[in-house]
Amino acid sequence: MSNPLTPLAVIESVASSSPLKARLHATDYPPTVRVALLRQADARTDLSKAGHDFTSGSNDGTIPTLTNNGGAIASGVPVQLLFWGSVWNLASTSPSAGEIATAVQSILAGPFMSGLVQYGIDRSPFRGALVVTLPAPPFQPHTFSDSDVEGMVGTLIDDGVFPEPDEDGGRIMYVVIMPPGTQYEGDPAVGGAHWYFSSGSVVDVDHAWYAWVGNHDIDSMTKVFGHELVEMCTDPEGDGWTVDGQPDGLNEIGDICNKSFNPLNGVLLENYWSQVDAACILPTAYSLKRFMRSKGFDLGKGVRPHVPPNGSVRAVMGIKS
Ligand SMILES: [Zn+2]
């Protein structure tokens, strides 16, 4: 299916003059890494379902419960792509920065995020894409750690390329796209992660939210992007929405649904957990029913015509008491 969005014609490059700084995880939370394990592509690509949501059971077949821990969530927070390394400026790089940026814009513009309304989250706009040539990505060895990624994003904030998270326009979800030939330190099976780091000064600490997506084929990268996106929105700092009874690091809404993949407007994505559906979902269309249920309406009574005293007819929704 052709993509209705205009691909990015030009992705600007940015080079920082500052050296890469080592940055530490905040100490008020354990430096847990949120992971998305890559799995074999699902054979189910049932296009006959186009226009209807894809649904599946949770990975282990149970119906989990979620807890809102009262901490940070990311509603309507823009997504900034950072393609790390000058290799992204080469036309021969595959998948290309343009392909990935186009897929990300399609994901953000479409119905994918519409199931997050129930968690208090509005869709994220696309903020832009940059190729970051300096600080350079890790070359020797070709492995990277979370703190490498944090160091790069933090350097750009320190240099004023982006505002501090607590400044005007500074609340951003940074998604770093790793270059070919790199893999996650210690565990090449990890396809992506999201977390936060402390930015600003010692007296004015604030938290920058980021994810990284490892370099693989385009399908794997879009699946990981979608997984980290929904988890970063619902639980950017580990104290938002978490799944009860799951181990830390595997207790977010993507983790319990990462066995089901489906195409949406030509982009492969993973399902994520929807509490109001009691299922893993991949919304392919906007559902008024889900939206109303997300807002606490009891659809058991349905929508019924109601004739008010002035005689005009309007629809009234039964509200759960
Ligand atoms: Zn995850």
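If you're wondering where the values come from, they're calculated on a predicted model, not measured in any experiment.

Conventions used here
Per chain, the residues get numbers from 1 upward, laid out in the order the sequence is written. In keeping with the predicted nature of the model, local features appear solely for residues at pLDDT of at least 70, side-chain atom pairs appear and are counted solely at 80 or more, and the whole-chain, interface and lining totals rest on all residues. Put simply, DSSP H or I for four residues or longer makes a helix, DSSP E for two residues or longer makes a strand, and each gets a number counted from the N terminus. To assign burial, the other C-beta atoms lying within 10 Å of each residue's own C-beta are counted, with C-beta atoms placed from the backbone; 20 or more indicates buried, 12 or fewer indicates exposed, and intermediate counts indicate partly exposed. By the convention adopted here, residues make contact when the C-beta atoms placed from their backbones lie within 7 Å. A score between 0 and 100, pLDDT records how confident the predictor is in each residue. Multiplying 1.5 Å by the residue count of a helix minus one yields the expected span of that helix. Strand pairing follows a simple DSSP-based rule, namely that at least 2 bridges must link the two strands. Structural elements are reduced to axes, namely lines fitted to C-alpha atoms, with helices fitted over the stretch in contact, and the angle between N-to-C directions of any two is expressed from 0 to 180 degrees. The scheme is simple: roughly parallel for angles under 35 degrees, roughly antiparallel for over 145, roughly perpendicular for 65 to 115, oblique for anything else. Crossings are classed by handedness, with left-handed meaning an anticlockwise turn of the near helix from the far one by less than a right angle and right-handed meaning a clockwise turn. All residues other than Ala, Val, Leu, Ile, Met, Phe, Trp, Tyr, Cys, Pro, Asp, Glu, Lys and Arg, Gly among them, are scored as polar; the first ten of these are nonpolar and the last four charged. A set of buried Ala, Val, Leu, Ile, Met, Phe, Trp, Tyr and Cys residues, joined through C-beta atoms within 7 Å, is what we mean by a nonpolar core.

Draft legend 1. Local environment of the overall build of the protein chain. On a plain count of helices and strands, the protein chain comes out with four helices and 18 strands. Counting over 321 residues, the protein chain shows a buried share of 42%. Intrachain contacts of the protein chain at a sequence separation of at least 6 include 74% that bridge at least 24 residues.

Draft legend 2. Broad picture of the confidence of the model for the protein chain. On average, residues of the protein chain score 82 in pLDDT, and 76% of them reach the 70 mark or higher. Low pLDDT, under 50, characterises residues 1–10; the predicted model gives this stretch 16 contacts beyond four residues in sequence or across chains. Residue range residues 313–321 is modelled with pLDDT below 50. Its contacts to residues more than four positions away, or to other chains, number 18 contacts.

Draft legend 3. Main features of helix H3 (residues 218–234). An ideal rise of 1.5 Å per residue puts 24 Å on 17 residues; H3 measures up with 24 Å between its terminal C-alpha atoms. For H3, the buried fraction is high: 15 of the 17 residues fall into the buried class.

Draft legend 4. Representation of the pairing of strand E11 (residues 206–213). Burial analysis of E11 places seven of its eight residues in the buried class, which makes it a mostly covered element. Bridge count for strand E8 (residues 173–177) against E11 is five bridges, and the pairing is parallel. Directly across from valine 175, in E11, lies its bridge partner alanine 211. The loop that links strand E10 (residues 190–199) with its antiparallel partner E11 comprises six residues; one of these, glycine 200, has a positive phi angle of about 80 degrees.

Draft legend 5. Representation of the packing of helix H1 (residues 97–109) against H3. The interhelical angle for the contact between H1 and H3, taken along N-to-C directions, is 40 degrees, at an axis separation of 11 Å. As summarised for this structure, H1 and H3 are arranged oblique, according to the angle between their axes. Between H1 and H3 lies a crossing of right-handed hand. Contacts between H1 and H3 pair Glu99, Ile100, Ala103, Val104 and Ile107 from the former with Ile218, Met221, Thr222, Phe225 and Gly226 from the latter. The residue makeup of the contact of H1 with H3, split by class, is seven nonpolar, two polar and one charged.

Draft legend 6. How the structure looks around the nonpolar core. Formed by 74 residues in total, the largest nonpolar core has its most connected members in Leu82, Val175 and Val176. Tallying contributions element by element places H3 first for this core, with seven residues. Those residues in contact with leucine 82 that sit more than four places away from it in its chain are Leu130, Val132, Val153, Tyr174, Val175, Val176 and Ile177.

Draft legend 7. Up close: the environment of asparagine 89. With respect to the helices, strands and loops of the structure, asparagine 89 is situated in the loop between strand E5 (79–84) and H1. As a C-alpha pair, asparagine 89 and valine 131 span 42 residues in sequence and 7.3 Å in three-dimensional space.

Draft legend 8. Expanded view of helix H2 (residues 146–158). Compared with an ideal rise of 1.5 Å per residue, which puts 13 residues at 18 Å, H2 spans 18 Å between its outermost C-alpha atoms and is within 8% of the ideal. Among the residues of H2, Asp146, Asp148, Val149, Glu150, Met152, Val153, Gly154, Thr155, Leu156 and Ile157 are the ones counted as buried.

Draft legend 9. Here's a closer look at the sheet that holds strand E3 (residues 54–56). Here three strands make up an open sheet; going across it, the order is E3-E16-E15 and the pairing antiparallel. Two strands lie at the open edges of the sheet, namely E3 and strand E15 (272–274), each paired on one side alone. When the angles between neighbouring strand axes are averaged without regard to direction, this sheet yields 45 degrees.

Draft legend 10. Spatial organisation of unusual backbone geometry. Omega for the peptide link from serine 94 to proline 95 comes to -5 degrees, which places this bond in the cis form. In the segment running from leucine 134 into proline 135, the intervening peptide bond is cis, with an omega of 0 degrees. Tracing the chain through its elements places proline 135 in the loop between strand E6 (126–134) and strand E7 (143–144). With a phi close to 50 degrees, alanine 278 is a non-glycine residue in the positive phi region. If you trace the backbone, alanine 278 turns up in the loop between E15 and strand E16 (279–282).

Draft legend 11. Structural context of the pairing of E10. With eight of 10 residues buried, E10 is to be regarded as a mostly interior element. One ladder, built from eight bridges, connects E10 with E11; its direction is antiparallel. From the neighbouring strand, phenylalanine 197 faces E11, where its bridge partner is alanine 208.

Draft legend 12. Molecular detail of the environment of glycine 249. Mapping glycine 249 onto the fold places it in the loop between strand E12 (241–243) and strand E13 (261–264). Residues glycine 249 and alanine 193 lie 56 residues apart in sequence; the distance between their C-alpha atoms is 9.6 Å.

Draft legend 13. Structural view of the environment of proline 283. Tracing the backbone through its elements, the reader meets proline 283 in the loop between E16 and helix H4 (288–294). We classify proline 283 as buried; it has 24 C-beta atoms within 10 Å. Excluding its chain neighbours within four sequence positions, the residues that come into contact with proline 283 are Asp53, Pro111, Phe112, Ser114 and Gly115.

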